[in-house]
Each structure stands twice: as structure tokens, then as C-alpha cells.
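Residue-level listing of the chains:
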Amino acid sequence: MKTALVTGSARGIGRAICEELARSGVAQNVVVCDVKKEWCDETVAALRAIEGVKAESLALDVSDEASVVAGVAEAAKLFGSLDIVVNNAGVTRDDLLVRMTAEKWDTVLDINLKGAFLVTREAGKIMMRARSGSIVNIASVVGLMGNAGQANYSASKGGLIALTKTTARELGGRGVRANAVAPGFIDSKMTEVLPDAVKQQMLSVIPMKKFGKVEDVAKAVAFLASDNAAYVTGQVISVNGGMLMP
Ligand SMILES: NC(=O)c1ccc[n+]([C@@H]2O[C@H](COP(=O)([O-])OP(=O)(O)OC[C@H]3O[C@@H](n4cnc5c(N)ncnc54)[C@H](O)[C@@H]3O)[C@@H](O)[C@H]2O)c1
């Protein structure tokens, strides 16, 4: 029986990851987390509808150290272990570099990068003691290539990839793996707000000529989280329709 915790899983990619982990049998217990516990209700209901799956929810604000410390400890108690952690919570506050306020910079770095660090630190201690665990970080194609208008976001995702590799190096000897998934342009609430002109421009540089689905990201996460990836650590899997081939 494996227990997974997914941050920012009230909706979007996080919710799809919870459902894929459960449906594929990679995790039998899922802890759904987001800023507010009640936001998680729909994800929890969808998970409980899957036979043999147990789901609980937690309020966990990844940018708040006390919330992370308490939330990860509670998550480990809920089902008696913590085997899989997915650092999925993320936000954008786009602006051109020369107009970017320090506040926008801090908000994005606090949630996307410091949040993943705090969750990894707390979950890492539990996994090292158990001598087993898998951490998957949701990065982005722009963390590999940069993106005009996203200095804060691309820096946070590039930092997250470096954090993934350091986690893999420090925890590998204790049986804990850490990998990242770098999605390209995925249909979700985060991207639906973008102007049509931006979407058309993105499509023109995607060899597969379509945007990805949240399920496409979730399937890569489920592979990395599972024992099928038992000897895979410190890697970044791109799910981007060929938009970037590093
Ligand atoms: N949609 C895309 O095209 C795309 C591409 C590359 C990477 N990503 C990454 O995938 C992840 C999920 O994105 P999405 O598209 O599902 O976006 P989304 O906005 O639909 O979901 C993000 C979730 O994170 C939660 N969240 C925000 N701040 C939080 C905090 N402080 N603590 C805990 N949870 C918090 C939100 O409440 C929300 O449920 C993000 O890390 C994002 O950067 C998305």
C-alpha cells in the first residue's frame, strides 16, 4: 500500500496526477492538498469513486513553513506512511523583466521554488528513515529555455530542476529518488487566460501542432513515482509535444 501527497491538487494538473496515481494502482492512498481544505473536495470525491482507493484532504500552503511542517507530518500520519510526493503547486505573475516588481518575483519564487524545497525537506526526512520514496517535481519547459515575460516563473522552474538533481544526489543512497516533469503548453486554468495571439504563437513552435492535456503530464508523473522507474533519479522528462528537444 503506497501513500501519495500531491500539492496544489484541488484542480488542473495536480488533480489529474492524483487520479492517475490512483487509477494506475501506483498509490492506494492519496492526500490531496491545497491552500484551502474545501477546495480539495471535488478531487477527493473523484478519488473515492475509484475502487480500493482512499483519499483525504489537507490545507497546505506550500509558501508557509509552519503549514508545510504541520501538513507533511499530518499526511504521514493519515495512512501511516508517505511514499510519493509530487511538488505540483505553482503560480504565474507574468511581466517583462524591466517592469517586474519585487513582489511578483517573491510570490512566484516563494510558491514554486521555496514551497517545493520545504515540502521536500519535510518529506525527505520521513522517506530517508523509511529508506524508500519517490519525489516528483513539476517544472516547466520554460525552466529549460527561458521565456520572455516570465523571468520569475522560468527562474523558479530552472531552480526547481536544480533542486531535483541535488535532492537525487543527497537522498539517493537512502533509497529516495527525485525526478522532474517539464510540461510544455498544457490546456488548464493557468493557460486559458492567455491571449489568443500568444496561443497561436505557441502552436506554431510545437511540432505536434496541439497543446497537451493534464492527463499527458499525469502519466509521466505516475511512471516516475512508480517502481517501474526504480533506477531513474535526477532526471527531467519533457512532456511538450516536441516544443523543445534539449
Ligand atoms: N498549464 C501549463 O501549461 C503548465 C505548463 C508547465 C508547468 N505547469 C506547472 O504545473 C503545475 C500545475 O499547474 P496547473 O496548470 O494545473 O495550474 P492551476 O492554476 O490550475 O493549479 C495550480 C494549483 O496550485 C494551487 N496553489 C497555488 N498556490 C499554492 C500554495 N501557496 N500552496 C498550495 N497550493 C497552491 C492552486 O490553488 C491550484 O489548485 C504548476 O506548478 C505549473 O507551474 C503548468
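This section reports on the structure supplied with the text.

How each quantity is defined
Residues numbered from 1 in each chain as written. Predicted model: local features only at pLDDT ≥ 70, side-chain atom pairs only at ≥ 80, totals over all residues. Heavy atoms only, no water. Pairing = 2+ DSSP bridges. Helix = DSSP H or I, 4+ residues; strand = E, 2+ residues; numbered from the N terminus. Right-handed = clockwise from strand over helix to strand, strands pointing away. Disulfide = S-S within 2.5 Å. Buried < 20%, exposed > 50% of the residue type's maximum accessible area, 1.4 Å probe, protein only. Polar contact = N/O pair within 3.5 Å; in protein donor to acceptor, adjacent residues only side chain to side chain. Contact = heavy atoms within 4.5 Å. Near = heavy atom within 4 Å. Areas by Shrake-Rupley, 256 points an atom, 1.4 Å probe, with all protein chains shown as cover.

So, on to the pairing of strand β3 (residues 54–59). For strand β2 (residues 29–34) and β3, the ladder comprises six bridges, and the chain directions are parallel. Note on β3: the bridge partner recorded for Cys33 is Leu58. Note on the crossover from β2 through helix α2 (residues 41–48) to β3: the handedness is right-handed.

Scanning the model with the defined rule gives zero disulfides in all. Distance from the sulfur of Cys33, which forms no disulfide, to the nearest cysteine sulfur (Cys40) is 6.7 Å. Residue classification places Cys33 among the buried positions, given a relative accessible area of 0%.

Take the side chain of Asn88 next. With respect to the helices and strands, Asn88 occurs in the loop between β4 (84–87) and α4 (102–130). We classify Asn88 as buried; its relative accessible area is 10%. A polar side-chain atom of Asn88 sits 3.0 Å from the main-chain carbonyl oxygen of Gly8. Among residues more than four places away in sequence, those in contact with Asn88 are Val6, Thr7, Gly8, Ile13, Gly14, Ile17 and Ile138.

Another aspect to go through is the site of the ligand. Of all residues adjacent to the ligand, which total 29 residues, the nearest are Arg11, Asp34, Asn88, Tyr153 and Ser188. Here Val62 contributes a backbone N or O atom positioned 3.0 Å from a nitrogen atom of the ligand. Lys157 places a side-chain nitrogen or oxygen 2.9 Å from an oxygen atom of the ligand. Here the ligand has 830 Å² of accessible area as a free molecule, and 93% of this is covered by the chains. Secondary structure elements with two or more residues in the shell around the ligand: α1 (12–23), α6 (151–171) and α7 (189–192).

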